[in-house]
Amino acid sequence: MAILNVKLINQGSYVILDNGIVRLTILKPQGLLTGIKYGGMDNLLDLKSSESSRGYWDINWSLPGGQDRYQLLKGSEYNTIQLSNDHLEVSFRSTYDPLSRGVRLPLSIDLRYILRSGDSGFYCYAIYERPLGSPAFDLAQTRMAFKLKRETFHYMAITDEKQRIMPTPEDLLPDRSKQLIVPESRLLTNPINPDLKGEVDDKYQYSMDNKDGGVHGWISSGPIIGFWLIFPSQEFRNGGPTKQNLTCHTGPFCLSVISYL
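Heads up: these notes are all about the structure in this document. (Residues numbered from 1 in each chain as written. Predicted model: local features only at pLDDT ≥ 70, side-chain atom pairs only at ≥ 80, totals over all residues. Heavy atoms only, no water.)

## Brief notes about the pattern of salt bridges
Line of reasoning, step 1. Scanning the model with the defined rule gives twelve salt bridges in all.
Line of reasoning, step 2. When the shortest N-O distance is used, the salt bridge between Glu89 and Arg112 registers 2.8 Å. Separated by 23 residues along the polypeptide, Glu89 in strand S8 (residues 87-94) and Arg112 in strand S9 (residues 108-116) bring together distant segments of the chain.
Line of reasoning, step 3. A relative accessible area of 11% means that Arg112 is categorised as buried. (Salt bridge = Lys/Arg side-chain N within 4 Å of Asp/Glu carboxyl O. Helix = DSSP H or I, 4+ residues; strand = E, 2+ residues; numbered from the N terminus. Buried < 20%, exposed > 50% of the residue type's maximum accessible area, 1.4 Å probe, protein only.)

## Concerning the sheet that holds strand S19 (residues 226-230)
Line of reasoning, step 1. Pairing within the open sheet is antiparallel, and its four strands lie in the order S13-S12-S18-S19. Either end of the sheet is taken by a strand with one partner, and the two such strands are strand S13 (163-165) and S19. Direction aside, the axes of adjacent strands within the sheet are offset by 20° on average. (Pairing = 2+ DSSP bridges. Axes fitted to C-alpha atoms, helices over the stretch in contact; angles between N-to-C directions.)

## Quick word on the pairing of strand S3 (residues 22-27)
Line of reasoning, step 1. Looking at chain direction, strand S2 (residues 14-18) and S3 are connected through five bridges and run antiparallel. Bridged to Tyr14 within S3 is Leu27.
Line of reasoning, step 2. Connecting the antiparallel pair S2 and S3 is a turn made up of three residues, with Gly20 showing a positive phi of about 85°.
Line of reasoning, step 3. Sheet topology note: the S3/strand S4 (residues 32-38) ladder contains six bridges and is antiparallel. What sits directly across from Ile26, in S4, is Leu33.
Line of reasoning, step 4. The hairpin formed by S3 and S4 contains four residues between the paired strands, and Gly31 there has a positive phi angle of roughly 85°.

## Describing the packing of aromatic side chains
Line of reasoning, step 1. This structure, assessed with the given rule, holds six aromatic pairs.
Line of reasoning, step 2. Measuring from centroid to centroid gives 6.4 Å for Phe122 and Phe146, while their planes differ by 70°, and the two rings are edge-to-face. Residue Phe122 is found in the loop between S9 and strand S10 (123-129), and its partner Phe146 is found in strand S11 (residues 138-147); the two are separated by 24 residues along the sequence.
Line of reasoning, step 3. An aromatic cluster is defined as three or more aromatic residues linked by ring pairs; in this entry it consists of Tyr78, Phe92 and Tyr113. (Phe/Tyr/Trp six-rings, centres within 6.5 Å; stacked < 30°, edge-to-face > 60°.)

## Details of the pairing of strand S12 (residues 153-157)
Line of reasoning, step 1. Alignment of S12 against strand S18 (residues 215-220), held across four bridges, turns out to be antiparallel. Within S18, the residue paired with Ala157 across the bridge is Gly217.
Line of reasoning, step 2. For S12 and S13, the ladder comprises three bridges, and the chain directions are antiparallel. Counterpart to Ala157 in the pairing with S13 is Gln163.
Line of reasoning, step 3. Count of turn residues in the S12/S13 antiparallel hairpin: five residues.

Structure (structure tokens):
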């Protein structure tokens, strides 16, 4: 099969990256990933979630001594970084002005997506810059999150030993489960899949040491498609080799935790 060139399509408030194998739809200039077309599925992401809750970057931060603030990271300026027949990179940037008034995250953010010809996946990374003169702040957590199509992605795999059929989001509702002492833990009392009755769902059960991570994701029930996060290195992460980070959990969520205290 001939390898197709990558294509960049601007379509109103969206930009589309397409190499004939994978097709990404991204909201511009925000940089929110709203669609992933692959393997016969029009969208691997959850259509029941809003466009800001499918593929996104977020952060928890605070001013010194202040309250924790959760923020969805969005760009305000869209640019094409590189466009050739075999390589496409786009940028969604927001710039922090130290002279601006009000309480704002004192970081300039640049969200990047890369698609190459012949690849069955895509690349994501972000550049965080602290402009000179910016106020001090505490960064508690930042990550990229993908919420997959709940109707088809039921099987999660983290390691050869940690893989299983997972509950659905509906199983975490009060009529199907009971909250335990830890807020994130729920006893499944009436799950959609009766085989899961009596089990406890807790996202922290699926945490992994930095040294043991590298690949995690989900497999859909039909068509059979895998969605995997692959880390070429763990050097960008804080906390050392035995620091644990979340990977996947009921949603179905697939997480790339960049920094977590």
